[in-house]
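If you want the building blocks of each chain, they are given just below.
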Amino acid sequence: MHPHRKFAEGKLGIYGWFGIDWAHPEQAFSEARLQTVADGKSIVPLLSEAKFDDFRSAPTQEGLTAFVGSGPGFSGIYYRDLKAANTAIQPVVDTQCELPGLFSGAFERFGIFPAIFNRSIVFVGYGDGDYVGVFLYRIDRDELFLLTDNRLPVGAKEIVDFEIAGHFLVRNRFAVSVQFSGNTYGVYLATIPTRSFKRMAAPVP
């Protein structure tokens, strides 16, 4: 797949070419073969009346595309697995989802650059009280892992934000860029935990 975001008849979406024949690119990239991953007509999982009106990033690996989608009053991390039996848009988490024990209430927003590797989606999520954490979602096991967050300082330095790269896994360890208060930065390695969180709490009424 070769994904891209574009305006089509005034509507923003994520589109891609699949099964590309690189020996004949003039045929592979014809408009007739362009498929929609998600657009303003797509059904938003868990929010039956909602519609997407913005998309951020769209990393793709082996038919799996993840993206940040948003609309009036919501945003979330979503994916489509075009090699699965069910190719519909699937939710990871959205701004109606809570993770009790980490922060109060539901997620408030998400970093605009999720990453994909080994059938997993990694993203930065933000919650109440300046909470920020890096999460990993395993598609094959429907499990959500907290990789790291800002509840504890590093030494005496308070963490205010994280950045992730598209390819940051080294065996079972991951690298993450950390922004500290005072506008200083560092890059750290940590190990993926064995315990996962319940993926989604009940949507907020």
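Residues numbered from 1 in each chain as written. Predicted model: local features only at pLDDT ≥ 70, side-chain atom pairs only at ≥ 80, totals over all residues. Heavy atoms only, no water.

### Topic: the nonpolar core
Among the nonpolar cores identified, the biggest contains 23 residues, and V93 and F135 are the most heavily contacted of them. For this core, the elements supplying multiple residues, two or more each, are strand 6 (64-71), strand 7 (74-81), strand 8 (90-94), strand 11 (120-127), strand 12 (131-138) and strand 13 (143-149). (Core = buried A, V, L, I, M, F, W, Y, C linked by side-chain atoms within 4.5 Å. Buried < 20%, exposed > 50% of the residue type's maximum accessible area, 1.4 Å probe, protein only. Helix = DSSP H or I, 4+ residues; strand = E, 2+ residues; numbered from the N terminus.)

### Side note on the packing of aromatic side chains
Throughout the structure, instances matching the rule amount to 14 aromatic pairs. Taken together, a centroid distance of 6.2 Å and an interplanar angle of 45 degrees make the contact between Y79 and Y137 tilted. Separated by 58 residues along the polypeptide, Y79 in strand 7 and Y137 in strand 12 bring together distant segments of the chain. Residue Y137 is classed as buried on the basis of its relative accessible area of 2%. Both rings, one in F107 and one in F110, keep their centres 5.2 Å apart while their planes meet at 40 degrees; by these two values the pair is tilted. Assigned by exposure class, F107 and F110 land together as buried. Members of the aromatic cluster, connected to one another through ring pairs, are F103, F107, F110, F123, Y131 and F135. Taking NZ or CZ as reference, R109 lies 3.8 Å from the ring centre of Y126, over its face. One cation-aromatic arrangement involves K157 over F180; the distance from NZ or CZ to the ring centre is 5.1 Å. (Phe/Tyr/Trp six-rings, centres within 6.5 Å; stacked < 30°, edge-to-face > 60°. Lys NZ or Arg CZ within 6 Å of the ring centre and 35° of its normal.)

### Regarding the pairing of strand 16 (residues 173-180)
A one-sided burial pattern is seen for strand 16, the buried positions being F174, V176, V178 and F180 and the unburied ones R173, A175, S177 and Q179. Bridge analysis of strand 14 (residues 159-163) against strand 16 gives four bridges, and the strand direction is antiparallel. Counted as the bridge partner of D161 is Q179 from strand 16. Strand direction decides the pairing type here: strand 16 and strand 17 (residues 184-191), joined by eight bridges, are antiparallel. From the neighbouring strand, F174 faces strand 17, where its bridge partner is A190. Taking the residues between adjacent antiparallel strands as the criterion, strand 16 and strand 17 are bridged by three residues, where G182 takes a positive phi near 90 degrees. (Pairing = 2+ DSSP bridges.)

### Quick word on the confidence of the model for the protein chain
In this model, the protein chain carries a mean pLDDT of 85, and residues with pLDDT of at least 70 account for 90%. Scored below 50 in pLDDT, residues 1-9 shows 36 contacts in the model against residues more than four places distant or in partner chains. Overall, residues 201-205 carries pLDDT values under 50, and its contacts beyond four positions in sequence, including any with other chains, amount to five contacts. (pLDDT = per-residue confidence, 0-100. Contact = heavy atoms within 4.5 Å.)

### Structural notes on the pattern of salt bridges
The tally for this structure, following the rule as stated, stands at five salt bridges. The closest approach of N and O atoms between D81 and R119, which form a salt bridge, is 2.3 Å. With D81 in strand 7 and R119 in the loop between strand 10 (115-117) and strand 11, the pair connects residues that are 38 residues apart, well separated along the chain. Overall, D81 belongs to the buried group, its relative accessible area being 5%. A salt bridge links R138 to D140, with the nearest nitrogen and oxygen atoms 2.6 Å apart. The exposure class of D140 is exposed, given its relative accessible area of 53%. (Salt bridge = Lys/Arg side-chain N within 4 Å of Asp/Glu carboxyl O.)

### Some points on the side chain of R80
Along the polypeptide, R80 turns up in strand 7. Buried and without a salt bridge, R80 has D39 as its closest oppositely charged side chain, separated by 8.5 Å. A distance of 3.1 Å separates a polar side-chain atom of R80 from the backbone oxygen of V37. Beyond its immediate sequence surroundings of up to four residues, R80 is in contact with T36, V37, G63, L64, T65, T87, A88 and I89. (Lys, Arg positive; Asp, Glu negative; His and termini not counted. Polar contact = N/O pair within 3.5 Å; in protein donor to acceptor, adjacent residues only side chain to side chain.)

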